[in-house]
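Per-entry structural report
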Amino acid sequence: MEVLGFDLGPILPFILIGFAAQMVDGALGMAFGVITNTLMVGLLGVPPALASQRVHLVECFTTATSGISHLLHGNIDKRLFLRLLIPGVIGGLAGTYLLTSIDGDTIKPFVLLYLAGIGLWLLVRGVLYPPKLREAKHVAPLGLAGGFLDAAGGGGWGPVVTSNLLVQGAEPRKVVGTVNSVEFFLTLSISASFVYHLGISHIAGPTLGLILGGIVAAPFGAMAAKHFSPKLMLILVGIALSMTSAYGIWTTWG
């Protein structure tokens, strides 16, 4: 398949993954990393460390755009931002170190189990939507855990941190804006760490495919946000992630 003289065949699966993930992320405001990583590891057999590296390099671009937009619209809680930033970065660097220090075939089933758990978590959130609101607590430990799981699992910062803060009762507009803004610094740190450990020789084509797919899907994702209910979307995404991860686990351990 050629477009303007370029052969897109080798990166077409990554374009489709980027498109699908951005469609959901645009509608829900989360789950780009989790969906992308699940499909790459579970269906395409990409090693977990390499998949997470690609996801976070792409997210450097998407989160920068999102963070600037939220800043201009006054959606950032400065105190919450600082409480999440440092623990999140520390957790992300720790997760990167773990993922690059263990053989990919050894850790792959555990990464898929984590991703399946995130899928079930989103499914439960969808069934129980809307959540009961409470006061937000334990922000720093949540940031540390979210950063670690995001790096080690190739995604999950949004589903873990955003969903927990919303359930605890923080203001939704400020939660989404702040968590997305912190995510830029998190993905930047994780990406730099992955480049240090793994280099960049194997990421150019697939990463470009993810970016292209995400860019094409961006306007459609925004439109989907207006027409899909959060409850239905959470349920559908939860089912899709759980089934995809379960298939990956079955093929790995079966």
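Residues numbered from 1 in each chain as written. Predicted model: local features only at pLDDT ≥ 70, side-chain atom pairs only at ≥ 80, totals over all residues. Heavy atoms only, no water.

**Concerning the overall build of the protein**
To keep it simple, the criterion reads: Each helix corresponds to a stretch of at least 4 residues labelled H or I by DSSP, and each strand to a stretch of at least 2 residues labelled E; elements are numbered beginning at the N terminus. When a residue's accessible area, from a 1.4 Å probe over protein chains only, is under 20% of the maximum for its type it is buried; when over 50% it is exposed; and in between it is partly exposed. Every accessible area reported is derived by Shrake-Rupley at a probe size of 1.4 Å, with residue values counting cover from the shown protein chains alone.
A count of helical and extended segments in the protein gives ten helices and two strands. Starting at the N terminus and ending at the C terminus, the protein contains elements arranged as β-β-α-α-α-α-α-α-α-α-α-α. Per-residue burial for the protein yields a buried fraction of 49% across its 254 residues. In the structure as shown, the protein presents an accessible area of about 12100 Å², 72% of it carried by carbon and sulfur atoms.

**Side note on the packing of helix 2 (residues 32-42) against helix 3 (residues 48-72)**
What counts here: Here an angle of 0 to 180 degrees is reported between the N-to-C directions of two axes, which are lines fitted to C-alpha atoms, with helices fitted over the stretch in contact. Left-handed describes a crossing whose near helix is turned anticlockwise from the far helix by less than a right angle; the clockwise case is right-handed. Between two residues, a contact is recorded if the distance between any of their heavy atoms is within 4.5 Å. Any residue outside Ala, Val, Leu, Ile, Met, Phe, Trp, Tyr, Cys, Pro, Asp, Glu, Lys and Arg is labelled polar, Gly included; the first ten of those are nonpolar and the last four are charged.
Two elements in contact, helix 2 and helix 3, have axes whose closest approach is 9 Å; the angle formed by their N-to-C orientations is 145 degrees. For the pair helix 2 and helix 3, the crossing hand works out as right-handed. In contact with Phe-32, Gly-33, Thr-36, Asn-37, Met-40 and Val-41 of helix 2, helix 3 contributes Pro-48, Ala-51, Ser-52, Arg-54, Val-55, Val-58 and Glu-59. Looking at side-chain class alone, the contact of helix 2 with helix 3 contains seven nonpolar, four polar and two charged residues.

**Details of the environment of Leu-212**
One can find Leu-212 in helix 9 (residues 204-227). Leu-212 sits in the partly exposed class, given a relative accessible area of 33%. Dropping the residues within four chain positions of it, Leu-212 is found in contact with Ile-11 and Ile-15.

**Let's talk about a nonpolar patch on the surface**
To keep things clear, this is the line we draw: Residues forming no salt bridge and having over 30% relative accessible area are the ones grouped into patches, like charges within 9 Å of each other and nonpolar side chains (Val, Leu, Ile, Met, Phe, Trp, Tyr) within 5 Å. Salt bridge, as used here, is a side-chain nitrogen of Lys or Arg placed within 4 Å of a carboxyl oxygen of Asp or Glu.
Together, Leu-43, Leu-44, Tyr-247 and Trp-250 line one region of the surface with nonpolar side chains, adding up to about 470 Å² of accessible area. Among the structural elements, Leu-43 can be located in the loop between helix 2 and helix 3. For Leu-43, a relative accessible area of 48% corresponds to the partly exposed category.

**Some points on the side chain of Ser-242**
The criterion, for reference: Each polar contact in these results corresponds to two N or O atoms within 3.5 Å; when the atoms are within protein, one needs to be able to donate a hydrogen and the other to accept it, and residues that are neighboring in sequence are counted only if both atoms are side-chain atoms.
One can find Ser-242 in helix 10 (residues 230-253). For Ser-242, a relative accessible area of 13% corresponds to the buried category. Here Gly-238 takes part through its backbone oxygen, which lies 2.8 Å from a polar atom of the side chain of Ser-242. Discounting residues that sit within four places of it in the chain, Ser-242 has contacts with Ala-116, Gly-119 and Leu-120.

**Observations regarding the nonpolar core**
What counts here: Residues enter a nonpolar core if they are buried and are Ala, Val, Leu, Ile, Met, Phe, Trp, Tyr or Cys, with the set joined through side-chain atoms within 4.5 Å.
Formed by 51 residues in total, the largest nonpolar core has its most connected members in Ile-35, Met-40, Leu-84, Val-161 and Leu-165. Broken down by element, this core gets its largest block of residues, seven residues, from helix 5 (residues 104-127). When neighbours within four sequence positions are excluded, Leu-84 is seen to be in contact with Val-139, Gly-143, Trp-157, Val-161, Leu-165, Val-179 and Val-182.

**Concerning the environment of Phe-194**
When you line up the elements, Phe-194 lands in helix 8 (residues 172-198). Judged by its relative accessible area of 0%, Phe-194 is buried. When the C-alpha atoms of Phe-194 and His-56 are compared, they prove to be 9.0 Å apart, with 138 residues separating the residues in sequence. Those residues in contact with Phe-194, other than ones at most four positions away along the chain, are Ala-49, Ser-52, Gln-53, His-56, Thr-96, Leu-99, Thr-100, Ala-151 and Gly-199.

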